[in-house]
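Examining the three-dimensional arrangement
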Amino acid sequence: MRDYSRELNDLSCRIWDYAELKFDEARSAEAIASFLESEGFLVTRGIAGMETAFSASWGEGDPVIGFLGEYDALSGLSQEAGIAEPRPRAGTGNGHGCGHNLLGSASAGAALLLRDYLKESGKPGTVMFFGCPGEEGGSGKTYMAREGIFDQLSTALTWHPGGGNAVLTGSFMANCQVCYRFHGTSSHAAAAPHLGRSALDAVELMDVGVNYLREHMEPTDRIHYAILDTGGTSPNVVQNHAEVLYLIRSTDSEKVRALYERVNKVAKGAAMMTETEVEILFDKAASSTLSNSVLEDLLFQCMKKIPLPEYTEEELSFAKAVKDTCRDIDPSGDISISFLPNREKKHYARLYREKLMADFIVEHPHLDVYVAGSSDVGDVSFVVPTAQFSAATVTPGTPAHSWQMTAQGKSGPALKGMMYAAKVLAEAGKQLVDDPSVLKRAREEFLEETGGRKYVCPIPAHIRPHRNIRELETGLRNS
Ligand SMILES: [Zn+2]
């Protein structure tokens with residue numbers, strides 16, 4: 001079998017360098033698209049209304065195995081590679097603090113490896129790669145699911161970089177993000193306070209109201225907010241504009257919807273109290289995840305079959321230097337163990353504190369639990385049987401979305417973890433081609449869980465993909 005490590009290392013490091021934000025990943029998407037095209041894949045660019053979304057396919061007939069790839073970076077996480085202290089990289093404020101440079105590259109590698117297997121074996125089947133933009137706060141896959149992009153698949157498989165090797169089980173949370181914009185009346189705060197109506201008061205009262213609402217929601221619900229606009233910096237002016245962004249999460253999209261309606265009532269109440277107006281701008285949403293025990297078992301077998309990476313002294317000493325900067329961080333939040341029951345989580349957290357790199361696979365029990373966090377992979381999982389795992393690319397204990405994560409994005413262990421992930425995904429694809437009964441069972445479980453109900457997109461139809469609230473509004477005006 002051909003070895004793609006040189007090409008994939010190059011691809012991943014280039015995407016790390018580009019560090020492009022959600023829906024701006026032009027060079028990152030093109031790097032993967034043109035690479036797959038040069039390998040004979042049929043590439044369709046700009047799908048589902050997003051310039052940086054694409055699909056690539058090779059082969060024909062069933063099964064149709066889909067690999068999901070991401071490549072967006074995060075704002076504010078600019079960091080030089082290969083050093084163990086915070087030092088922003090010149091020329092950009094962005095960084096790959098979630099390892100998506102590795103994510104997209106490994107999934108593309110899996111597509112190539114499975115293509116080679118289909119070619120050599122002469123077996124029927126189609127391999128597809130999906131370039132999924134804007135995972136970080138953009139819900140790219142949700143728009144793709146809405147457009148029916150994944151309908152043609154027999155299964156979707158993906159992975160995520162992290163501190164450990166584990167099949168991801170349980171359900172991530174459904175969410176929605178909403179902007180509440182208040183309009184008031186400005187006035188001189190000392191000379192004519194009675195003529196002013198404060199939009200900032202409205203934001204503050206809304207936040208207080210929501211904080212009281214917390215007592216009367218389910219323990220698995222989550223509400224977070226960030227004030228985007230405080231109405232200016234002058235206390236002697238009654239602020240006539242203010243804006244707050246809410247992220248609302250629950251265990252499924254229906255519950256998110258209900259909680260969203262309650263938060264809206266609080267916003268309207270705050271507007272009424274302050275005699276201001278509130279504008280409600282629905283920003284984006286993602287579904288919870290529907291896990292699939294058949295596919296999880298398959299991934300676990302493949303993870304055990306593919307040899308885990310081995311690390312050099314030099315690689316481990318860099319891992320140690322980074323680890324020393326995150327000693328006081330609890331490693332139990334790592335994506336590879338966050339879904340485990342407390343006892344098991346504590347056991348692995350202890351190991352993660354000791355190990356410089358995770359050189360083992362977390363035991364896999366299929367669990368029906370809620371995982372604190374959200375991902376737009378969830379929307380794919382309600383369209384087609386889907387499974388995912390994490391592979392060790394950083395020293396365990398590295399927080400997600402941190403400078404330490406960005407700093408390790410081009411390291412030897414990161415690139416080795418990426419190759420391991422590519423091989424695991426490809427092996428899973430190969431076994432699905434060889435034994436159609438696995439997909440049949442995965443499909444049966446999927447149908448049982450969904451009760452045959454069709455996927456409902458949590459983003460209203462009139463909302464188009466957008467980089468920010470301003471772009472959202474332009475889209476709404478033009479629609
Ligand atoms: Zn991520």
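Residues numbered from 1 in each chain as written. Predicted model: local features only at pLDDT ≥ 70, side-chain atom pairs only at ≥ 80, totals over all residues.

Moving on, we get to the sheet that holds strand β12 (residues 241–250). Taking strand neighbours across the sheet as the criterion, the four strands line up as β11-β12-β10-β13 in an open arrangement whose pairing is antiparallel. Edge strands, defined here as strands with exactly one partner in the open sheet, are β11 (222–229) and β13 (277–286). Looking at each pair of strands side by side, their axes are set apart by 20° on average, direction ignored. Pairing analysis gives seven bridges linking β11 to β12, with the strands arranged antiparallel. Following the sheet pairing, Ile223 is matched in β12 by Ile248. Relative to the sheet, helix α5 (residues 199–213) contacts β10 (174–183), β11, β12 and β13, its axis offset from that of β12 by approximately 20°. (Pairing = 2+ DSSP bridges. Helix = DSSP H or I, 4+ residues; strand = E, 2+ residues; numbered from the N terminus. Axes fitted to C-alpha atoms, helices over the stretch in contact; angles between N-to-C directions. Contact = placed C-beta atoms within 7 Å.)

Counting 141 residues, the largest nonpolar core has Ala111, Ala202, Met206, Leu299, Ala422 and Leu425 as its most contacted members. The biggest single contributor to this core is helix α12 (residues 412–434), with 13 residues. Both domains that furnish three or more residues to this core are identified here as domain 1 (5–172 + 288–450) and domain 2 (174–285). In contact with Ala422, other than residues within four places in its own chain, are Leu8, Ala106, Gly109, Ala110 and Leu113. (Core = buried A, V, L, I, M, F, W, Y, C linked by C-beta atoms within 7 Å. Buried ≥ 20, exposed ≤ 12 C-beta atoms within 10 Å, placed from the backbone. Domains from an automatic or database assignment.)

Here we come to the domain arrangement of the protein. One can read the domain layout of the protein as domain 1 (5–172 + 288–450) and domain 2 (174–285). One C-alpha centre belongs to domain 1, the other to domain 2, and the line joining them spans 35 Å. For the side of domain 1 that touches domain 2, the residue count by class is one nonpolar, seven polar and no charged. (Nonpolar A, V, L, I, M, F, W, Y, C, P; charged D, E, K, R; others polar.)

Because an α-helix completes one turn every 3.6 residues, residues spaced three or four positions apart along the sequence face the same direction. Taking 1.5 Å as the rise per residue, helix α13 (residues 436–450) with 15 residues should run 21 Å; its terminal C-alpha atoms sit 21 Å apart, in good agreement. Of the residues making up α13, those classed as buried are Leu439, Ala442 and Phe446. Down the axis of α13, the buried side of the element spans an arc of 60°, and every buried residue falls inside it. The exposed residues of α13 that point more than 90 degrees off its buried face are Ser437, Lys440, Glu444, Leu447 and Glu448. Among the structural elements, β7 (155–162), α7 (293–305) and α12 are those in contact with the buried residues of α13. Directly after α13, the chain includes Gly451, whose backbone phi takes a positive value near 60°. (Expected span 1.5 Å × (residues − 1). Arc of directions from axis to C-beta.)

For any two helices packed against each other, one specifies the crossing angle of their axes together with the interaxial distance. Orientation of α7 relative to α13, taken along the N-to-C sense of each, is 140°, at an axis distance of 7 Å. The pairing of α7 with α13 is recorded here as oblique in orientation. Packed against α7, whose contacting residues are Ser293, Val294, Leu295 and Leu298, the element α13 presents Val438, Arg441, Ala442 and Glu445 at the interface. Taken together, the residues of the contact of α7 with α13 break down into five nonpolar, one polar and two charged. (Parallel < 35°, antiparallel > 145°, perpendicular 65-115°, else oblique.)

Another point: the pairing of strand β2 (residues 54–60). For β2, the buried fraction is high: six of the seven residues fall into the buried class. By the bridge criterion, four bridges tie strand β1 (residues 42–45) to β2 in an arrangement that is antiparallel. Residue Thr44 lies in a different strand from β2, and its bridge partner there is Ser55. Sheet topology note: the β2/strand β6 (residues 125–131) ladder contains seven bridges and is antiparallel.

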